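One letter stands for each residue in the lines below.
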Amino acid sequence: MFRTCDITGFKVDLKAQQLIRLNAVFAVISLLGAVIAALLLVFTRYQPVHLLSSEWYYRLVTYHGVNALIFWIVFFEIAGLYFGSTVVLNIRFCAPRLGWLSLILMVAGFILTDIMILAGKADVMMTSYTPLKADPLYYLGIILFAVGALLGVVLFFGNLMIARQEKAFGDTMPLFTYGMMTAAIIAFITLVTGAIIYIPTFLWSLGLIENVDAGMYKLIWWGLGHSSQQINVAAMVSIWYLGSFLAVGGTSINERISRLAFVLYIMFICLASAHHLLTDPGLSSAWKVWNTSYAMYLAVLASMIHAFAVPSSIESAQRRWGYNKGLFEWLVKAPWSNPAFSSIVLACIGFGFIGGTTGVIFGMEQTNIIVHNTIAIPGHFKGTVVIGTTLTFMGVTYYLIPLIFRRKIVGLGWARWQPWMFFFGIALLSVSMIVLGQLGVPRRHWDSTFSGGPFTYNFNPATDFFWTLMMLGGTLAFLATLIWILIVVISVFFGPKVNGPEDMQLPISALAPEGKRQGKYEAPGTLILTLAFLATFLILFFLNWKWLAATWGVY
């Protein structure tokens, strides 16, 4: 049974719509838990407050990691897969009953895992390295969630098969759906890898297996732990292209190259998992160097292609709408009052300048050794998963509320400020953590002063300043997230109904008109911005090599 959207003209399968809604709702619930835990952790690492006991600190590190990096992201991505394979392609959902089974398994795993963590039966951090052992129900919860998500990925491919049979698209599927297909392929590989290691670990926790080798566990687990973030990258970039299309009518100036970049993600991006294994003695130096340099650069190339293609799609469209004065009129006159647009632009900036640069630098074998066990690594995560993925998902929700939930956005004025608050909050948090890591602050330690320990260490006095910045950034980001959650919840459950195009608060742009090129380059402003990014990256790259050279004196 379908409804025809009176705003987009798309046919919407009502069963798919219901599954999209419910996955999105549970995504928001898990994000709320994650950010509450994050604020408590920030005020614990901030030494003048030092809020939590050591027991609850490590418990909430586990809780925050699982909810922020797995539950929030995957619930939202499953909703995105269903949206991209049914609504965008105007087809029916292939197997609604299996869709419900997927949701039930994911929700059961989500609830069970969180109960075990908060009950103190899984104080093993998100990585849960053996021989640390959690309650069997913790591992069962993770397995249930992973199986449900894997089923959701399979259903996405089932929807694509129906689309192909019904000729819902021509020779190539829409770029957004193509990107989501990339995310689904990476997700399949990632979730299967998780099953390979979590099932024997579950049996070990039950006493049915005597031992799980710690080296083997770590090697296989990072095929899940880091690769799951690469699902995010593919989904995030797909939404960037969608956001450009919706906000200004932009399309990639070379779709073939954009599609090639997604293929490079499938082939090489998972290799970045190797940077978590650089101190493991069981792996050869040749393997480490290959995976953290030469092969990984092909994934970096893919990201660089998208880093040019997305803003250039916006610039090209804006110039065709008539904003041609100088290098940056297209950017100044962009629809900044549209929170979905500002979210994707700010996410692109934060992901590139903070997450991307540090990801390449920290992922190399040589420079990784400076910071890997410092707080700089979770600072890098904040630049990628939080500014990049989370802000992108927040932004596209402002379109999903009227289009999928058929409700008007309540508090649109707050919504316009929310992406900026979130961006600056996480940017302060992330950069402060990265600097603290460069100054040697440990990654996970409950008490950075080592009080009561057999030794003491006096950090550079500058750390006090950056601890304060981290606390302020974390607080600002928490408030911005709370505003977003309130807007979403109030809009979805209590907002006025959308009765037609006249109720659409965020305009959906028509496709930008065809036009002649204004000069030698179709997107000269983007070219300048890209060169500025490369200059920033080179400066940070050589600074890290300088710091590496100064780490040890050789006599």
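Residues numbered from 1 in each chain as written. Predicted model: local features only at pLDDT ≥ 70, side-chain atom pairs only at ≥ 80, totals over all residues. Heavy atoms only, no water.

## Overview of the overall build of the protein chain
In terms of helices and strands, the protein chain carries 16 helices and two strands. In terms of C-alpha radius of gyration, the protein chain reaches 23 Å, essentially the compact-globule figure of 24 Å for 555 residues. The principal-axis extents of the C-alpha atoms in the protein chain amount to approximately 70 × 55 × 45 Å. The burial tally for the protein chain puts 57% of its 555 residues in the buried class. The protein chain carries 32 positive and 22 negative side-chain charges, and their two centres are separated by 7 Å. (Helix = DSSP H or I, 4+ residues; strand = E, 2+ residues; numbered from the N terminus. Rg over C-alpha atoms; globule rule 2.2 N^0.38 Å. Buried < 20%, exposed > 50% of the residue type's maximum accessible area, 1.4 Å probe, protein only. Lys, Arg positive; Asp, Glu negative; His and termini not counted. Charge placed at Lys NZ, Arg CZ, Asp CG, Glu CD.)

## Some points on a nonpolar patch on the surface
Side chains of Leu32, Ile36, Val410, Leu482, Leu486, Val489, Ile490, Phe493 and Phe494 sit close together on the surface and give an oily, nonpolar patch of about 760 Å² of accessible area. Taken together, the elements giving at least two residues each to the nonpolar patch come down to helix 1 (14–45) and helix 15 (462–494). Looking at which element gives the most residues to the nonpolar patch, the answer is helix 15, with six residues. Its location among the elements puts Ile36 in helix 1. (Patch = residues over 30% accessible without salt bridge, like charges linked within 9 Å, V, L, I, M, F, W, Y side chains within 5 Å. Areas by Shrake-Rupley, 256 points an atom, 1.4 Å probe, with all protein chains shown as cover. Salt bridge = Lys/Arg side-chain N within 4 Å of Asp/Glu carboxyl O.)

## Some words on the pattern of salt bridges
On inspection of all chains with the given rule, the structure shows six salt bridges. Taking the shortest distance from any N to any O, the salt bridge between Arg59 and Glu55 comes out at 2.9 Å. You can see Arg59 and its partner Glu55 sitting in helix 2 (residues 54–87), four residues apart, about one turn around the helix. Exposure remark for Arg59: the relative accessible area of 6% places this residue in the buried category. Its salt-bridge partner being Lys333, residue Glu329 comes within 3.6 Å of it at the nearest N-O pair. For Lys333, a relative accessible area of 44% puts it in the partly exposed group. Residues joined in a network through salt bridges with shared partners are Glu55, Arg59 and Asp123.

## Structural notes on helix 16 (residues 524–549)
Taking 1.5 Å as the rise per residue, helix 16 with 26 residues should run 38 Å; its terminal C-alpha atoms sit 38 Å apart, in good agreement. Residues Gly525, Thr526, Thr530, Phe533, Phe537, Phe541, Asn544 and Leu548 constitute the buried set of helix 16. (Expected span 1.5 Å × (residues − 1).)

## Focus on unusual backbone geometry
Cis geometry marks the peptide bond from Thr130 to Pro131; its omega dihedral reads 10°. Its place among the elements puts Pro131 in the loop between helix 3 (96–118) and helix 4 (136–165).

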